[in-house]
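Structure assessment
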Amino acid sequence: MDKPKNFLIDMDGVLVKGHAMVPGADGFIARLKERGAEFLVLSNNPMYTAGDLSHRLQNSGLDIPAERIETSALATARFLQSQRLALGKAQGTAFVIGESGLTEAIHAAGYVITDHDPDYVVLGETRYYNLELVTRAIRLVAAGAHFVATNPDPVGPSEAGVVPACGAMAALIERASGKSPFFVGKPNPLMMRTALNYLGVHSEETVMVGDRMDTDIVAGIESGMDTILVLSGVTRREDAVRFPYQPGRIVPSVADIQP
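Below is a short write-up of the structure. Remember, it's a predicted structure, so these values are computed and weren't measured experimentally.

A word on the overall build of the protein chain. Across its full length, the protein chain holds nine helices and 15 strands. Against the 2.2 N^0.38 benchmark of 18 Å for 259 residues, the protein chain shows a C-alpha radius of gyration of 18 Å, consistent with a compact globule. Across its three principal directions, the C-alpha atoms of the protein chain cover 55 × 40 × 35 Å. For the protein chain, buried positions account for 50% of its 259 residues. Sequence separation of 24 or more characterises 66% of the internal contacts of the protein chain that already satisfy a separation of 6 or more. Roughly 12000 Å² of accessible area belongs to the protein chain as shown, and the carbon and sulfur atoms make up 53% of that amount.

Take a look at the structure:
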């Protein structure tokens, strides 16, 4: 058999929709494992730890360990760790707005979380944005703290409808402080490179599978990967042709992918 391709796989809209598994997603993961393909599940949602997401996937019927999950929070923490090491600092400091998925990763990267003259202001997502914390972030960024955000998504899903996400809050802080954030998550190729390095594979041998043209597919293309758009999420087939770049393939769902 030919050497199997490696896969980077978006989670929401690709493997699961809400708390339900996309039909056939378990078979796709089983085929990856049978062929010995390297794969990593990617999520732009920085609120949850990889362990939290693994548990959620298991409850949906997908056996994917935490070691096979990469979030924008983990990618952001790895970026911050690389910057700390590049400067030869034993410890960094950061003011963080986010949930445990982000704060745990920032601590593990060698950073102390503080609001006293931090090196970075790190913005993630939270269930309840606090105006006092956002105001503090604006003042710290205006005073010279580097501004990093986990992902550019302006809205996210909830049971009641869309809710403000990291990109929307980042725009508020940017407008008030006059400083633009550095986004780590998709579509920044940095997250894709971080994932490839984690797996120890090359982009030419890897496929990006996603349901969004403006994050998943463009990130895969810019990182030199093959791309597959699935129609089980937010993008319809007629939507894809409106973009100046196209995926390598369009399929109804991951159930139709033979690794």
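A few words now on the sheet that holds strand S12 (residues 182-183). In space, the five strands of this open sheet follow the order S7-S6-S8-S9-S12, with parallel pairing throughout. What marks the edges here is a single partner per strand, and that holds for strand S7 (111-113) and S12. Alignment of strand S9 (residues 146-149) against S12, held across two bridges, turns out to be parallel. Bridge assignment links Ala149 to a residue of S12, and that residue is Phe183.

Turning next to the nonpolar core. Grouped together as the largest cluster of nonpolar side chains are 28 residues, with contacts concentrated most on Leu8, Leu42, Leu80, Ile106 and Val122. Taken together, the elements giving at least two residues each to this core come down to strand S4 (39-43), helix H3 (72-86), strand S6 (92-97), helix H4 (100-108), strand S8 (120-123) and helix H7 (189-199). Residues contacting Leu80, with those up to four places away along its chain left out, are Ile106, Tyr111, Tyr120, Val122 and Val148. By size, the runner-up hydrophobic cluster in this structure holds 27 residues, among which are Ile29, Ala37, Val41 and Leu62.

Structurally, Asp216 is set in helix H8 (residues 213-222). Classification of Asp216 by relative accessible area gives buried; the value is 1%. For Asp216, the side chain forms a polar contact with the main-chain nitrogen of Asp211, separated by 3.1 Å. Within the structure, Asp216 has its side chain in polar contact with the backbone nitrogen of Arg212 (distance 3.1 Å). Each residue touching Asp216, except ones within four places of it in the same chain, is listed here: Asp10, Lys186, Met208, Gly210 and Asp211.

Right, let's get into H7. Along H7, the positions that sit buried rather than exposed are Met191, Met192, Thr194, Ala195, Leu196 and Leu199. At the N-terminal end of H7, a side-chain oxygen is found 2.9 Å from the backbone nitrogen of Leu190, two or three residues along, and the residue is Asn188.

The rules behind these values
- Residues numbered from 1 in each chain as written.
- Predicted model: local features only at pLDDT ≥ 70, side-chain atom pairs only at ≥ 80, totals over all residues.
- Heavy atoms only, no water.
- Helix = DSSP H or I, 4+ residues; strand = E, 2+ residues; numbered from the N terminus.
- Rg over C-alpha atoms; globule rule 2.2 N^0.38 Å.
- Buried < 20%, exposed > 50% of the residue type's maximum accessible area, 1.4 Å probe, protein only.
- Contact = heavy atoms within 4.5 Å.
- Areas by Shrake-Rupley, 256 points an atom, 1.4 Å probe, with all protein chains shown as cover.
- Pairing = 2+ DSSP bridges.
- Core = buried A, V, L, I, M, F, W, Y, C linked by side-chain atoms within 4.5 Å.
- Polar contact = N/O pair within 3.5 Å; in protein donor to acceptor, adjacent residues only side chain to side chain.

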